[in-house]
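Inside the fold
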Amino acid sequence: MLISLKDINKTYNNGQPLHVLKGIDLSIDKGEFVSIMGASGSGKSTLLNILGILDNYDSGEYHLDGVLIKDLSEKQAAEYRNRMIGFIFQSFNLIGFKTAAENVELPLYYQGVPRKKRQALAMEYLEKMGLGPWATHFPNEMSGGQKQRVAIARALITRPSIILADEPTGALDSKTSVEVMQLLKQLNKEEGITIIVVTHEGGVANETDKIIHIRDGVIGQIEENRQHTAWSGPQVK
Amino acid sequence: MLADIIQEIGSTLRNNKLRTALTGFAVSWGIFLLICLLGAGNGLMNSFMGNMNEYVSQSVTVEGWYTSMPYAGYRSNRRIHLDEKDVAYTRGRDWAGIIDNVTPSTDGKSVVLSKGVLTVDGYMTGVTPAYQEQEKIKMAAGRFINANDLAEKRKVMVLSLSQARELSPEDPEALVGEWVSAASVAFRVIGLYHTDEGNWYRPVTIPYTTYKGIYDASDRVESINFQVHGPKTLAEFKEFEDTYRSAIKRMHDIAPQDDRGLWIMNGYTQNMQMSQAQNILRIALWILGILTLVSGIVGVSNIMLISVKERTHEFGIRKAIGAKPGHVLSLIIAESITITAAFGYVGMLLGMVACEVMGKTIGARSVDLGFQQIRMLENPTVGLDVALEATLLLIVAGTLAGLIPAMKAAKVRPIEALRAE
C-alpha cells in the first residue's frame, strides 16, 4: 500500500468545534489513478491537506510509502512534502517573478541540488510537457493550459511517490481541461505515477480509474471506473 | 543560491519602488550622517593632535607649588621654590641614563623691547641650550643660545620672528646681529625662531646665567624640564615619577603624603587623557550616528513586513513544495541585509565625498587667534577601519530589520498555497 489511512479524525476548533473528518479509512496502491469527489464542506479539502502533509490530524494513522506521517515538525513535514509529494493546484500557484524553468527548478533548490543539474532537469521536464521554447517565459506570458503544464513539470521533477491534484482543471476552459486530464492519464499509464485528483466535477472524476466519494466526513461509495462509465452527465470534452 | 536571492530581491524591489526608495533614503541618510560625524570628529582630533605634536611626549616639567599640610616644623600653605640643588640632583648620577636634557628655566619677566622708535612686548626667560630641543624650536635665522653664551653670561637674546617683524618691519632677518634694548639693558640678537601655528606662546630667551646675573640673584629656579628615557608603560612611568617626586619632596621638607607641594607635569599622562577624550568623542559620535540609523532600520523593517504580508501566498507555495522555515527565514533576512547594505553603501560613499569636501573647504581654512593659528579640521576623513565597522553595522542592522518580518514569513502555513488569490 502506498497510502494507508486508518480512522483519521480531524476537528477544527474555530469557536464551535467542527468535526470534519469522522474516521476515514482508505488505501491507495502504487500506480493508481484515483479521484476524491465530494461537495464543498464534505471534508475533501481537509483530506487533501492531510494527504499532502499540509495539515495535521487529531487521531488515527496515516502511512505514506511506509512512513508514518504523524506529529511532524515543520522541517520534517517540508522535507517529506518535497520528496514524496507533487502538488498541482487549481490556480497553478506558479511564482510570478520566476520564469517557467525557475519555477520548475524550485523544489530541487530546496533539496540543495546544484544549479547546473537543476537547470538541466527543469529543461528536460519542460520539454516533456512540450514547453521547451517557453522555458524563459514568465507565467503571465502563458495560457492557462501552459501554466498548468509548468506546474505539472514542477510536481514531477522531484520524482515524488504521489501527485496530488487539487481541482486541476478548475481554472481552465473545457478544451484545455481535456488536455490536462489526458496528460495526467498518460503520466499514470506510461510512467506508472500514482495520481490523486480532488474534484467536485463528475466529468473530471470520470477520467480516473477509481472514484472515492466522500460525504459528511466519511468515505461513502468507492467506484471502480476502469471503463470510465461512472458519469453519465456532461463529459470532459 | 546567491543568484536566486538576488533575483528574488530584485522582484521585491521592483514591486515596491517608491517605498524602497524612501526607506533606502532613510538608511543612506543615517550612514551619511554617521560618516560625516566621524569624519568631522577625526578632523577635530587630528587638529588637536597636530597642535599637541609640538611637545615631546616624554618631556617632564617640575615646578614648586604651595604645600597643603604642615611638616617638619613648617606651616601649611608654604610656597616651594625649586633651586640649583634640585637641578644638580636631577642632573646627578642617580638618574644617569634615565633623565637627560635637563633644562632649568627662570621665572619670566615682562619687558618692552625697543629698537629705535619701534617697540614690542615680550616675556623674558632665562634658558639653557637644551631648551631648543625641549621645546622643538625651529630657527628662522641665526642660532640658538649655546654653552659659551651661558658660560660667559653673554647679553644675547633669541626672539620670535613675529617679534622681529615688529622691530624691523622691512627685513626682520636683518635684526640678527643688531642690538635691542630690554628694560634699559642692551642685548645683541643672535637668532630668530619660527612662530608656527601650534605654539601660541614663545618667550624672549636669554642665557640662563645672564638672566640670573641681571634680574635674579637667588639660586631659585622656576621650573626644571627634562626628558625621560626608560619607562615604557604608564605603570613604569608612574613608578619613576613617584621615586623622583619623593626625592625632591625630601629636599624641600614636604610631607610625603602631600601632593600639592610639587607640581609635576608630563606628556605621558596628558597623552593618555587625550586619547581617552578622543575615545569618548568617538563613542559619542557613533551613538549619535547609530541613533540616526535606527529610523532607517525601522523603515526597512516596515517595508519588509508589508512585503511579507503581500507575499503570504507565495511563501505558502514555497512551503508546499518543500521550503523549510529556515529557507524562508534566510531569504527575508538576506533581502533585508541587501536593501540595508546597498543603500547604506550609497550613503557611506556620499559621506566620504562630503568629508573630502569638508576637508577642502573648512579644513583648509585656519583661524588666526592672534597668538596662534589653528586649523579647525585637519584631514577630516574616516579610515578603512571605520568603513569596515560601518559595513558590519549595516549587516547587523539589516539582520535586525529583517528579523521580525522573517519570523512572520517563516510562520506562514503551507495551506495558504491552496487558497485562491
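Our subject is the structure that appears above.
Keep in mind that this is a model prediction, so the values were computed, not measured. (Residues numbered from 1 in each chain as written. Chains lettered and ligands numbered in written order. Predicted model: local features only at pLDDT ≥ 70, side-chain atom pairs only at ≥ 80, totals over all residues. Heavy atoms only, no water.)

**Points about the pattern of salt bridges**
- By the definition in use, this model includes 25 salt bridges over all chains.
- Linking A:Glu79 and A:Arg83 is a salt bridge whose minimum nitrogen-to-oxygen distance equals 3.1 Å. Of this pair, A:Glu79 and A:Arg83 are both found in helix α2 (residues 74-84), four residues apart, which corresponds to roughly one turn of the helix.
- Residue classification places A:Glu79 among the partly exposed residues on the basis of a relative accessible area of 29%.
- As a salt-bridge pair, B:Glu389 and B:Arg282 come within 3.5 Å of each other at their nearest N and O atoms. Taken together, the positions of B:Glu389 in helix α12 (residues 384-410) and B:Arg282 in helix α9 (residues 267-310) put the pair 107 residues apart, joining distant regions of the chain.
- When its relative accessible area of 34% is taken as the criterion, B:Glu389 is described as partly exposed.
- For B:Arg282, a relative accessible area of 26% translates into the label partly exposed. (Salt bridge = Lys/Arg side-chain N within 4 Å of Asp/Glu carboxyl O. Helix = DSSP H or I, 4+ residues; strand = E, 2+ residues; numbered from the N terminus. Buried < 20%, exposed > 50% of the residue type's maximum accessible area, 1.4 Å probe, protein only.)

**A short note on unusual backbone geometry**
Residues and elements named next belong to chain A.
- Although it is not a glycine, Phe-92 adopts a positive phi angle of roughly 65°.
- Summarising the element assignment, Phe-92 is placed in the loop between β6 (85-88) and α3 (100-111).
- When its relative accessible area of 9% is taken as the criterion, Phe-92 is described as buried.
- Its identity as a non-glycine residue notwithstanding, Arg-159 has a phi of 50°, on the positive side.

**Re the packing of aromatic side chains**
Residues and elements named next belong to chain B.
- With the rule as written, the count across this model stands at 13 aromatic pairs over all chains.
- Both rings, one in Trp-29 and one in Phe-32, keep their centres 5.6 Å apart while their planes meet at 15°; by these two values the pair is stacked. Taken together, the positions of Trp-29 and Phe-32, both in helix α2 (residues 17-52) and three residues apart, correspond to about one turn of that helix.
- By relative accessible area, which is 42% here, Trp-29 ends up partly exposed.
- Summarising the aromatic geometry, the rings of Trp-65 and Tyr-66 are spaced 5.4 Å apart at their centres and angled 75° between planes, so their arrangement reads as edge-to-face. (Phe/Tyr/Trp six-rings, centres within 6.5 Å; stacked < 30°, edge-to-face > 60°.)

**Looking at the sheet that holds strand β9 (residues 210-215) of chain A**
Residues and elements named next belong to chain A.
- Ordered by their spatial adjacency, six strands build an open sheet running β6-β7-β8-β3-β9-β10, and the pairing between neighbours is mixed. Looking along the sheet, the strands with just one partner apiece sit at the ends: β6 and β10 (218-224). In this sheet, neighbouring strand axes are inclined to one another by 20° on average, regardless of whether the strands run parallel or antiparallel.
- Relative to β10, β9 runs antiparallel, the two being bridged by five bridges. What sits directly across from Ile-214, in β10, is Ile-219. (Pairing = 2+ DSSP bridges. Axes fitted to C-alpha atoms, helices over the stretch in contact; angles between N-to-C directions.)

**Here we look at the environment of A:Leu5**
- Tracing the chain through its elements places A:Leu5 in strand β1 (residues 3-14).
- Residues A:Leu5 and A:Asp25, 20 residues apart in the sequence, show an inter-C-alpha distance of 5.1 Å.

**Quick look at the interface of chain B and chain A**
- Across the contact, 26 residues belong to chain B and 26 residues belong to chain A.
- Interface area for chain B against chain A, summed over the two sides, is near 2,500 Å², with a carbon-plus-sulfur share of 57%.
- When the buried surface of chain B facing chain A is broken down by residue, B:Ile321, B:Lys324 and B:Leu418 rank first, second and third, together holding 26% of it.
- Summed over the shared surface of chain B and chain A, the result is three salt bridges.
- Applying the counting rule to chain B against chain A returns seven residue pairs in polar contact (both at pLDDT 80 or more).
- If you list the elements that add at least two residues to the side of chain B that touches chain A, you get α1 (2-15), α10 (312-320) and α11 (325-361) of chain B.
- The dominant element in the side of chain B that touches chain A, judged by the number of residues it contributes, is α10(B), at six residues.
- Broken down by class, the residue content of the side of chain B that touches chain A amounts to twelve nonpolar, five polar and nine charged. (Contact = heavy atoms within 4.5 Å. Buried area = accessible area lost by both parts, 1.4 Å probe. Polar contact = N/O pair within 3.5 Å; in protein donor to acceptor, adjacent residues only side chain to side chain. Nonpolar A, V, L, I, M, F, W, Y, C, P; charged D, E, K, R; others polar.)

**Here's the deal with the packing of α11(B) against α12(B)**
Residue and element names in this part refer to chain B.
- Remark: α11 packs on α12, axes separated minimally by 7 Å, with the N-to-C direction vectors making an angle of 145°. For the pair α11 and α12, the crossing hand works out as right-handed.
- Tallied by class, the residues present in the contact of α11 with α12 amount to 22 nonpolar, seven polar and no charged. (Left-handed = near helix turned anticlockwise from the far one by under 90°.)

**A few points about the nonpolar core**
- Judged by nonpolar contacts, the single largest core of 44 residues is most densely connected at B:Ile31, B:Ile35, B:Leu38, B:Phe315, B:Ile332 and B:Met348.
- Only α3 of chain A together with α1, α2, α9, α11 and α12 of chain B provide two or more residues apiece to this core.
- With residues near it in sequence (within four places) discarded, B:Leu38 still touches B:Arg282, B:Leu285, B:Trp286, B:Val382 and B:Val386. (Core = buried A, V, L, I, M, F, W, Y, C linked by side-chain atoms within 4.5 Å.)

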